[in-house]
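One letter stands for each residue in the lines below.
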Amino acid sequence: MNMKKYILLLFLIHLTTISLAQNNEAEFKFKKEIINYGKVVQNSEGKRVFEFTNIGKSPLFIEKIITSCDCAIPKKPEKPIMPGEKAQITVSYDTSKLGGFSKQITIFSNAKNKRKLLRIKGFVIKE
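Quick notes on the rules
- Residues numbered from 1 in each chain as written.
- Predicted model: local features only at pLDDT ≥ 70, side-chain atom pairs only at ≥ 80, totals over all residues.
- Heavy atoms only, no water.
- Helix = DSSP H or I, 4+ residues; strand = E, 2+ residues; numbered from the N terminus.
- Polar contact = N/O pair within 3.5 Å; in protein donor to acceptor, adjacent residues only side chain to side chain.
- Contact = heavy atoms within 4.5 Å.
- Salt bridge = Lys/Arg side-chain N within 4 Å of Asp/Glu carboxyl O.
- Patch = residues over 30% accessible without salt bridge, like charges linked within 9 Å, V, L, I, M, F, W, Y side chains within 5 Å.
- Areas by Shrake-Rupley, 256 points an atom, 1.4 Å probe, with all protein chains shown as cover.
- Buried < 20%, exposed > 50% of the residue type's maximum accessible area, 1.4 Å probe, protein only.

Asker: An account of the side chain of Q42 is requested, with residue identities and associated values reported.
Answerer: Tracing the sequence through the fold places Q42 in the loop between strand 2 (34-41) and strand 3 (47-54). A polar contact of 2.8 Å, which involves the side chain of Q42, links it to the backbone oxygen of S96. If near-sequence neighbours (up to four positions away) are discounted, Q42 is found in contact with T95, S96, L98, V124, I125, K126 and E127.

This is the structure:
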């Protein structure tokens, strides 16, 4: 095999490997990316659930979740989410504070998009 054919063969193998690796990533598909609490009564239940499916071809690992304030506490799945599997992220908002709110939830994972943003919003009214 001459050198040009050898280099071309290596290049094609490299491209194939890259394209296969890109197609095998984990990927989120959320039912909703924004949860609107609407008007909620002060000190009422503040827990809401983001449901999602791993539509990728690899297990999905959620490394950590951070929120834009300590008033929203997220809970992530502890085990990997396999391809095609559904899972949930629970967010508990502190409804003791009156007024409007809009908070961001940032998920860090091994998904195609390494960082995923979700939002909660609403308005807490007096009892």
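After presenting the structure, the write-up continues.
Asker: So what's going on with the pattern of salt bridges? Which residues, and what values?
Answerer: Summed over the entire model, instances satisfying the criterion amount to 5 salt bridges. A salt bridge links K31 to E51, with the nearest nitrogen and oxygen atoms 3.0 Å apart. Here the residue K31 occupies a position in the loop between strand 1 (28-30) and strand 2, and E51 occupies one in strand 3, the gap between them amounting to 20 residues.

Asker: Which residues make up a nonpolar patch on the surface, and what values do they have?
Answerer: A cluster of nonpolar side chains, V41, F123 and I125, forms an exposed patch at the surface whose accessible area comes to about 230 Å². Given a relative accessible area of 39%, V41 falls into the partly exposed group.

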